[in-house]
Amino acid sequence: MAFVFIPETSNIMTTSNSIPFYAKLALCLLALVLLGAIIYAGSSILMPICFAILLAMLLLPVVNWLTRKGVPGVPAMLLSILLALLFAGGIIYFLSSQVADFMSDLPAIKEKLNQHLSTAQDWISHHLNINKKQQATAAENVKENMQSGSGGMGTALVSVASGLAMLILLPIYTFLILFYRKLIHKFLVDVFPNRHESRVEEVLTESKTIVQGYMIGLIIEMAIVTALNTAGFLIIGIQYAVFLAVFAAVLNLIPYIGMLIASIICMAVTLTTSDSLNDILWVGVVLIVVQFIDNNFIMPYIVSSKVRINALVSIIGVLIGGGLAGISGMFLSIPVIAVLKAIFDRVDGLKPWGDLLGDDLSLVTTKKRKGRIKKER
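Below, the structure is looked at part by part.

Calculation notes
- Residues numbered from 1 in each chain as written.
- Predicted model: local features only at pLDDT ≥ 70, side-chain atom pairs only at ≥ 80, totals over all residues.
- Heavy atoms only, no water.
- Core = buried A, V, L, I, M, F, W, Y, C linked by side-chain atoms within 4.5 Å.
- Buried < 20%, exposed > 50% of the residue type's maximum accessible area, 1.4 Å probe, protein only.
- Helix = DSSP H or I, 4+ residues; strand = E, 2+ residues; numbered from the N terminus.
- Contact = heavy atoms within 4.5 Å.
- Salt bridge = Lys/Arg side-chain N within 4 Å of Asp/Glu carboxyl O.

## Some points on the nonpolar core
Thinking step 1. One finds Met215, Phe233, Leu244, Leu287, Val307, Ile309 and Phe331 to be the most contacted residues of the largest nonpolar core, which totals 46 residues.
Thinking step 2. The set of elements that each furnish at least two residues to this core consists of helix 3 (43-68), helix 9 (197-236), helix 10 (241-251), helix 11 (257-273), helix 12 (277-303) and helix 13 (311-344).
Thinking step 3. Each residue touching Met215, except ones within four places of it in the same chain, is listed here: Leu54, Leu58 and Phe331.
Thinking step 4. Core analysis: the second largest hydrophobic core is formed by 13 residues, Ala56, Val63, Ala76 and Leu178 among them.

Okay, here's the thing in structure tokens:
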């Protein structure tokens, strides 16, 4: 048997080209299925780590600034995390105080809701010939089906426990990631061959820039959307205007789907606290106008300028993230896709996928122009 020496680069190219397309596709699908299964099964472990990575990237400029001012490394990390916790705690305290005011008015809200339900039952019995007894029986059946086998109390306890675990683990993970960031950086560079070191450095730098810009942009966007919602709701004169404005702005952090959920909830709350149908309609109008301003002015210039991902991929990514890891997965889907795009753009075999994730339509016209020039030649 004869042995022929083939250089390393040629060997890689020959091996990759010898694999049929259907085999590559099968391997890619298998890898995606395994990755999705890992995320779905281990979301309770992975989500705090992912959020800690985002928070560590966001706080890194603060840590560097404190270090330049003479604060030692560990105190600078602890101080930056403390500031982040105070900021988040302030928002949580404000929302909880607003929720407490809302709960204090719950008896009046229930009475108002019963009036609306009675009106709806009268309309159904008059137009659909379904009497109130039949409606009550159907409502009871739906309620029993929702409660049977659902383990509502157990599910609620698990949700509360997972939330507390994330609150406890998040600052610990964040501190450890900041403390060992240079070691993690060295590992990510050394795990690839030396000839790829420059590309790995570019990917790490761009990923950090993307995540920092995206997170800061989201905070600015949330502040602007809160101000616009508050102004609109105060002009209308509805109850809990500030609470609903902040609530809608927080849900707006979930791309595309969050504002839809916020609109439904805000209009439902207004329905139970207002006697005028016009208030409900005006709440919807305010949210639609704010969403239009957000989608066409705030997002493109503040957030999307750092994350160049097309809308189709964003929506699909949000839905997949929600299916795999719930609300946390929805929030993390956009920065994860942005980091993947940064990687794909620098790997020759994955550049078409990077183009697919992006929103640069000039690539299509450029390729058409090149093809037309070749034909003319």
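## Description of helix 10
Thinking step 1. With respect to burial, helix 10 is a largely interior element, eight of its 11 residues being buried.
Thinking step 2. Turning to helix 10, its buried residues are Ala241, Phe243, Leu244, Ala245, Val246, Ala248, Ala249 and Leu251.

## Description of the pattern of salt bridges
Thinking step 1. Applying the stated criterion across every chain yields a total of four salt bridges.
Thinking step 2. A salt bridge links Arg346 to Glu202, with the nearest nitrogen and oxygen atoms 3.1 Å apart. Here the residue Arg346 occupies a position in the loop between helix 13 and helix 14 (351-357), and Glu202 occupies one in helix 9, the gap between them amounting to 144 residues.
Thinking step 3. Using a relative accessible area of 22% as the deciding quantity, one classes Arg346 as partly exposed.
Thinking step 4. Take Glu202: its relative accessible area is 42%, and that puts it in the partly exposed class.
Thinking step 5. Asp345 is paired through a salt bridge with Lys341; the nearest N and O atoms lie 2.8 Å apart.

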